[in-house]
Amino acid sequence: MFSLQKTLEQCSVCTKPIMERILRATGKAYHPHCFTCVMCHRSLDGIPFTVDAGGNIHCIEDFHKKFAPRCSVCKEPIMPAPGQEETVRIVALDRDFHVQCYRCEDCGGLLSEGDNQGCYPLDGHILCKTCNSARIQALTAKASTDL
């Protein structure tokens, strides 16, 4: 006797036969309600998604939360703003920064814009040009008094 159930495709997640609409993604078949983000478990039917190196399916937001580089100042992931697809990441001294977190360690001035634009590192510290000069002068003065 011929069984219709045996000829139906099986869902890659729950392994049950797919009786109605088939969602195809990543080369596999899914029930639309079974195609979900591995982190938040939200259905990704008709929603942009991405796959990690292990083949796990993520919504874009959770993928960024999990894999985005973390800012060395605030420790939060550097990821696109809601509704955006790209973001700016600043890398200095092998550390990652949000644009708004990329500031002089001494005066707090934003290093990505204005008169203090640019980083003048000293002994692993992120500094603006003015604070770098002040530290060098202080070090030079201390060295001359130590003689």
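Predicted model, so just to flag it, every value in this text is computed and none were measured. (Residues numbered from 1 in each chain as written. Predicted model: local features only at pLDDT ≥ 70, side-chain atom pairs only at ≥ 80, totals over all residues. Heavy atoms only, no water.)

Novice: Can you tell me about the overall build of the chain, naming the residues and giving the values?
Specialist: Assigned secondary structure in the chain consists of three helices and six strands. Of the regular secondary structure in the chain, the N- to C-terminal order runs α-β-β-β-β-α-β-β-α. Whereas a compact globule of 147 residues would reach a radius of gyration of roughly 15 Å, the chain reaches 26 Å, over 25% beyond that. Seen through its principal axes, the chain has C-alpha atoms that stretch 100 × 30 × 20 Å. Counting over 147 residues, the chain shows a buried share of 27%. Taking as baseline every contact in the chain between residues at least 6 positions apart, the subset at least 24 positions apart corresponds to 16%. If you sum the accessible surface of the chain, you get close to 10000 Å²; carbon and sulfur atoms cover 53% of it. Between the centroid of the 16 positive side chains of the chain and the centroid of its 17 negative side chains there is a distance of 7 Å. (Helix = DSSP H or I, 4+ residues; strand = E, 2+ residues; numbered from the N terminus. Rg over C-alpha atoms; globule rule 2.2 N^0.38 Å. Buried < 20%, exposed > 50% of the residue type's maximum accessible area, 1.4 Å probe, protein only. Contact = heavy atoms within 4.5 Å. Areas by Shrake-Rupley, 256 points an atom, 1.4 Å probe, with all protein chains shown as cover. Lys, Arg positive; Asp, Glu negative; His and termini not counted. Charge placed at Lys NZ, Arg CZ, Asp CG, Glu CD.)

Novice: Mind laying out the nonpolar core, listing which residues take part and the relevant values?
Specialist: Grouped together as the largest cluster of nonpolar side chains are 12 residues: Cys11, Ile18, Leu23, Ala25, Ala29, Tyr30, Cys34, Phe35, Cys37, Leu44, Ile57 and Cys59. Among the elements of the structure, strand S1 (23–25), strand S2 (28–30) and strand S4 (57–59) are those that each provide at least two residues to this core. Counting residues in each nonpolar core, the second largest holds 11 residues, with Ala92, Tyr102, Leu111 and Ile126 among its members. (Core = buried A, V, L, I, M, F, W, Y, C linked by side-chain atoms within 4.5 Å.)

Novice: Break down the side chain of Asn132 for me, citing the residues and quoting the values.
Specialist: Within the secondary structure layout, Asn132 lies in helix H3 (residues 129–146). Apart from the residues within four sequence positions on either side, Asn132 is in contact with Tyr120, Pro121, Leu122 and Leu127.

Novice: Outline unusual backbone geometry, listing residues and values.
Specialist: At Leu93, a position not held by glycine, the phi torsion is positive, near 50 degrees. By secondary structure assignment, the location of Leu93 is in the loop between strand S5 (90–92) and strand S6 (95–97). Positive phi is not limited to glycine here, since Asp94 has a value of about 60 degrees. Along the polypeptide, Asp94 turns up in the loop between S5 and S6.

Novice: I'd like a rundown of the packing of aromatic side chains, residues and numbers included.
Specialist: Tallying each qualifying case throughout the model produces four aromatic pairs. Here Phe63 and Phe67 contribute two aromatic rings whose centre-to-centre distance is 4.8 Å and whose plane-to-plane angle is 45 degrees, an arrangement assigned as tilted. Taken together, the positions of Phe63 and Phe67, both in helix H2 (residues 60–67) and four residues apart, correspond to about one turn of that helix. Taken together, the ring pairs connect Tyr30, Phe35 and Phe49 into an aromatic cluster. (Phe/Tyr/Trp six-rings, centres within 6.5 Å; stacked < 30°, edge-to-face > 60°.)

Novice: So what about the UniProt feature "domain: LIM zinc-binding" (unreviewed entry) in the chain? Which residues, and what values?
Specialist: Listed under "domain: LIM zinc-binding" (unreviewed entry) in the UniProt record, and renumbered for this structure, are residues 9–69 and 70–138. For residues 9–69, the helix share is 13%, the strand share is 20%, and the end-to-end C-alpha distance is 39 Å. (UniProt positions renumbered as here; feature names shortened; annotations may be inferred.)

Novice: Outline the state of the cysteines, supporting the account with residue identities and numerical values.
Specialist: For the coordinates displayed, the defined rule picks out zero disulfides. Of all cysteine sulfurs in the structure, the one in Cys131 sits closest to Cys128, which takes part in no disulfide; the separation is 3.6 Å. (Disulfide = S-S within 2.5 Å.)

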